[in-house]
Amino acid sequence: MTTTSTSVLKIMNVVFWIVFIGLCIKTGAIIISFCVSLFVNEQGASDLYLGLNLSELFAYSEYHYISTVSLLIALYAMKAYIAYLVVKIFMKFNFYNPFSIEVTSLITRISHFALNAGVLSLIAGGYTKWLMNHQGVSVPIDWAGEEILFFAGVLYIVSLVFKKGTELQTENDLTV
């Protein structure tokens, strides 16, 4: 493996650690501000996280507010877990034997979690669209369900390639 590839992978490892930590912080901040808006001061709904204003939804229905923010928290938690799994790949990855059962399992798990996140995102997007169209309540959240599902599909294909690569590498190891 060239030094350029090694350097790029080390940089990617650092980037994914930053992404993982950032998503954990974002998820935690939304949970805390959500709890504050419910139990301490309902004005917290006007700036839930970095300007996310769900005060109109909170004023309309506390039930719909709780449902929407719960879906948002679940989505960010799933994204954080996906980033954590990518960090684990960097810990398990071996340049000389890249196709291992552990890495293949992690990539498959990431693709499944991305599929779940995409489905959750589509459900949440449909729910908030229903709130906007039929209830007249503004919900300024872009769930990006289609992009997440596309990501899940690509990862599933990569996991199949890694699975086949693992099988071929195992056969090659047994032959030698």
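About the criteria used
Residues numbered from 1 in each chain as written. Predicted model: local features only at pLDDT ≥ 70, side-chain atom pairs only at ≥ 80, totals over all residues. Heavy atoms only, no water. pLDDT = per-residue confidence, 0-100. Helix = DSSP H or I, 4+ residues; strand = E, 2+ residues; numbered from the N terminus. Axes fitted to C-alpha atoms, helices over the stretch in contact; angles between N-to-C directions. Parallel < 35°, antiparallel > 145°, perpendicular 65-115°, else oblique. Left-handed = near helix turned anticlockwise from the far one by under 90°. Nonpolar A, V, L, I, M, F, W, Y, C, P; charged D, E, K, R; others polar. Phe/Tyr/Trp six-rings, centres within 6.5 Å; stacked < 30°, edge-to-face > 60°. Buried < 20%, exposed > 50% of the residue type's maximum accessible area, 1.4 Å probe, protein only.

### Things to note about the confidence of the model for the protein chain
Item 1. Scored by pLDDT, the protein chain has a mean of 90; 99% of the residues are at 70 or more.
Item 2. Looking over the protein chain, one finds the lowest element-wise mean pLDDT in helix α5 (residues 145-175), namely 88, and the highest in helix α3 (residues 62-92), namely 95.

### What about the packing of helix α4 (residues 101-134) against α5?
Item 1. The interhelical angle for the contact between α4 and α5, taken along N-to-C directions, is 160°, at an axis separation of 8 Å. If you check the angle between α4 and α5, you find them roughly antiparallel. Where α4 crosses over α5, the handedness of that crossing is left-handed.
Item 2. Each residue belonging to the contact of α4 with α5 can be placed in one class, and the counts come to 17 nonpolar, nine polar and two charged.

### Observations concerning the packing of aromatic side chains
Item 1. Under the defined criterion, the tally for this structure stands at nine aromatic pairs.
Item 2. Ring centres of Y81 and F113 lie 4.6 Å apart, and the angle between their planes is 50°; on these two criteria the pair is classed as tilted. In this pair, Y81 is assigned in helix α3 and F113 in helix α4, connecting sequence segments 32 residues apart.
Item 3. Residue Y81 is classed as partly exposed on the basis of its relative accessible area of 28%.
Item 4. Taking 6.3 Å as the distance between ring centres and 20° as the angle between the ring planes, the aromatic pair formed by Y127 and W130 counts as stacked. Taken as a pair, Y127 and W130 lie in helix α4 at a separation of three residues, close to a single helical turn.

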